[in-house]
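# Observations on the three-dimensional arrangement
Now for the letters of each chain:
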Amino acid sequence: MARLIVAVIVVVAAVAAYVVLEPVPDDVGERPWAVKMESFRRTWKRHLKWWTPTGLNQWLEEKSAAASRAAGPRVPYGEAVFDRVPVRIFADEPAGAKKAKRPAIVYYHGGGFIRGSVDNHHPVTALLARDLNAVVVSVDYLLSPKYPFPAAIDDCTAATVWFLNHLRDFNVDPARIALMGDSAGGNLAAAVSQRFTFDPKYRDLPKIKLQALLYPCLQAFDFQTPSYQQYGDFKTLLLDRPLMTFMWDSYLRGNKASYREAMRINNHTSAAAKRSPLVKKCLSHDLIPDEFKQTGYEAPATNFGDKSIYNEIKEVLLDPDYAPLMREDLRGLPEAYIITVKYDILRDDGIMYAKRLEKAGVPVTWKHYKKGFHGMFTSEEDLPTVTTPPGTQCVSDFLKFARKNL
Ligand SMILES: *[C@@H]1O[C@H](CO)[C@@H](O)[C@H](O)[C@H]1NC(C)=O
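This write-up is about the structure you can find in this document. Every value quoted in this text rests on a predicted model; they were computed, and no experiment measured them.

Mapped onto the fold, His 121 is located in the loop between strand S3 (102-108) and helix H4 (122-132). Exposure remark for His 121: the relative accessible area of 0% places this residue in the buried category. A sequence separation of 139 residues divides His 121 from Arg 260, and the C-alpha atoms of the two residues are 27 Å apart. Leave out the neighbours within four places in its chain, and His 121 touches Tyr 107, His 109, Gly 110, Asp 182 and Thr 378. In terms of polar contacts, His 121 uses its side chain to reach the side chain of Asn 120, at 2.6 Å.

This is the structure:
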């Protein structure tokens, strides 16, 4: 009994210490304490995973997947395979019912290309289906490092093409299709939009009405943008530079991934490449308004680099299918709704893309949340969608926009 009491005291003290010491900023969200607790829960869940046996982990994951499926709004859904790709389809009425045609959202979940699932994004996808009376297709694409680039983008493309060719079966209006994703899913939504726009192979498909990119990761060339400089070594709830470079590296080279140390300091590119016109155009920090450059921001040096690493990876690094920001000409892309959040190393990826799309004449609605944090639109794990008020606000803002514009 005494031991139990000691154990309880230790745990309570650890939680208290963490909440006080955890470097989650004090102005994150309307209820910073709730955000800190969520951060604590997620961090420990991740740590515990390393220490628990695989079998137990699997069991826990199945439990968490079941909890996620039960957590969102109750919307009828089914599993299917589009082309070769498994998907989950949410539809609030039986397909073929005699009703007005509905809009559709093809959703690509986040998780840094290495994790995430249609299960842990079940609540948010169900919510979109219910609140927009939309058909939502959530794509279960292949993950890195087992299946590196281009497996994910190819799966997402294949499933979406199949869907676009079968809209009638789902009573979907071909003029009201959105591609949407959070984080790595935002990368995939942007990349699929680019393929459909620029690859003549897809010319005959219905045109995408909207690309909705929630705090997307869009480039792996520069890990010293103002937001990486500001938050890179600082756990902002979900994401720091070591984790993000690991994810990009895994997506790039699968199990061979080993360049994240070089990536962290921008040593995975050559000096010449850093100064190339393409990079200057696509990733210029001038695109980022000054208010986002905190005091202490420094333009990153361009006089160093590792040529041999760069030569090995440059083809993918510069490929817009991998990094949509690296496309030079963005004219003609679908209307974009882009969310960026303050506490996020990926903030400037989203800002640069929004600014460049605008310059290219694409209609852009850019929403920046001053108390926001990465992952706030969806809960990445098993909680019901959206755990904090700023999250709720960004969801309702999007719903309002989509009701009017999709
Ligand atoms: C970058 O890589 C080169 C070549 O491997 C190496 O000589 C150099 O020390 C690295 N630079 C830094 C800052 O680590």
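Another aspect to go through is the nonpolar core. Counting 120 residues, the largest nonpolar core has Tyr 108, Val 139, Phe 163, Trp 248, Tyr 353, Phe 377 and Phe 398 as the members making the most contacts within it. At 8 residues, the largest contribution of residues to this core is made by helix H5 (residues 151-164).

What follows covers unusual backbone geometry. Here the amide bond leading from Ser 144 into Pro 145 is cis, since omega sits at 0 degrees, within 30 degrees of zero. Structurally, the position occupied by Pro 145 is in the loop between strand S4 (135-139) and H5. For Phe 113, which is not glycine, the phi dihedral falls at a positive 70 degrees. As for its position among the elements, Phe 113 is in the loop between S3 and H4. A relative accessible area of 1% places Phe 113 in the buried class. The phi torsion at Asn 266 lies on the positive side, around 60 degrees, for a residue other than glycine.

To continue, consider the packing of aromatic side chains. For the coordinates displayed, the defined rule picks out 19 aromatic pairs. Between the aromatic rings of Phe 149 and Tyr 251, the centroid separation amounts to 5.6 Å while the plane-to-plane angle is 90 degrees, which identifies the pairing as edge-to-face. In this pair, Phe 149 sits in the loop between S4 and H5 while Tyr 251 sits in helix H8 (residues 241-253), placing the two residues 102 residues apart along the sequence. Looking at Phe 149, the relative accessible area reads 14%, which means it is buried. Judged by relative accessible area, which is 0%, Tyr 251 ranks as buried. Between Phe 196 and Tyr 202 the ring centres are 5.2 Å apart and the planes differ by 55 degrees, which places this aromatic pair in the tilted class. Ring-pair connections join several aromatic residues into one group, and the members of that group are Phe 113, Phe 149, Trp 248, Tyr 251 and Tyr 322. The ring of Tyr 259 has Arg 253 sitting right over it, with the charged end atom 3.9 Å from the ring centre. Taking the ring centre of Phe 304 as reference, the NZ or CZ of Lys 274 above it sits at 4.3 Å.

With that settled, consider helix H2 (residues 32-51). Between its first and last C-alpha atoms H2 spans 29 Å; for 20 residues at 1.5 Å apiece the expected length is 28 Å, and the two agree. The complete set of buried residues in H2 reads Pro 32, Val 35, Lys 36, Glu 38, Ser 39, Phe 40, Arg 42 and Thr 43.

Any two packed helices are characterised by the angle at which their axes cross and by the distance between the axes. Two elements in contact, H5 and helix H6 (residues 184-198), have axes separated by 10 Å at closest approach and are oriented at 60 degrees. As the angle between them shows, H5 and H6 are arranged oblique. In the packing of H5 onto H6, the handedness of the crossing is right-handed. For the pair H5 and H6, contact is made by Ala 152, Ile 153, Asp 154, Cys 156, Thr 157, Thr 160, Val 161 and Leu 164 and by Leu 188, Ala 191, Val 192, Arg 195 and Phe 196, respectively. Counted by class, the contact of H5 with H6 contains 9 nonpolar, 2 polar and 2 charged residues.

This part is about the site of the ligand. The immediate surroundings of the ligand are formed by Ile 265, Asn 267 and Asp 306. For the ligand, an oxygen atom lies 2.4 Å from a polar atom in the side chain of Asn 267. Protein chains shield 36% of the accessible area of the ligand, which is 350 Å² for the free molecule.

Our next topic: the pairing of S3. The element S3 is largely enclosed, with a buried count of 7 among its 7 residues. Relative to S4, S3 runs parallel, the two sharing 5 bridges. Note on S4: the bridge partner recorded for Tyr 107 is Ser 138. For the crossover from S3 across H4 to S4, the handedness is right-handed.

Basis of the calculations
- Residues numbered from 1 in each chain as written.
- Predicted model: local features only at pLDDT ≥ 70, side-chain atom pairs only at ≥ 80, totals over all residues.
- Heavy atoms only, no water.
- Helix = DSSP H or I, 4+ residues; strand = E, 2+ residues; numbered from the N terminus.
- Buried < 20%, exposed > 50% of the residue type's maximum accessible area, 1.4 Å probe, protein only.
- Contact = heavy atoms within 4.5 Å.
- Polar contact = N/O pair within 3.5 Å; in protein donor to acceptor, adjacent residues only side chain to side chain.
- Core = buried A, V, L, I, M, F, W, Y, C linked by side-chain atoms within 4.5 Å.
- Phe/Tyr/Trp six-rings, centres within 6.5 Å; stacked < 30°, edge-to-face > 60°.
- Lys NZ or Arg CZ within 6 Å of the ring centre and 35° of its normal.
- Expected span 1.5 Å × (residues − 1).
- Axes fitted to C-alpha atoms, helices over the stretch in contact; angles between N-to-C directions.
- Parallel < 35°, antiparallel > 145°, perpendicular 65-115°, else oblique.
- Left-handed = near helix turned anticlockwise from the far one by under 90°.
- Nonpolar A, V, L, I, M, F, W, Y, C, P; charged D, E, K, R; others polar.
- Near = heavy atom within 4 Å.
- Areas by Shrake-Rupley, 256 points an atom, 1.4 Å probe, with all protein chains shown as cover.
- Pairing = 2+ DSSP bridges.
- Right-handed = clockwise from strand over helix to strand, strands pointing away.

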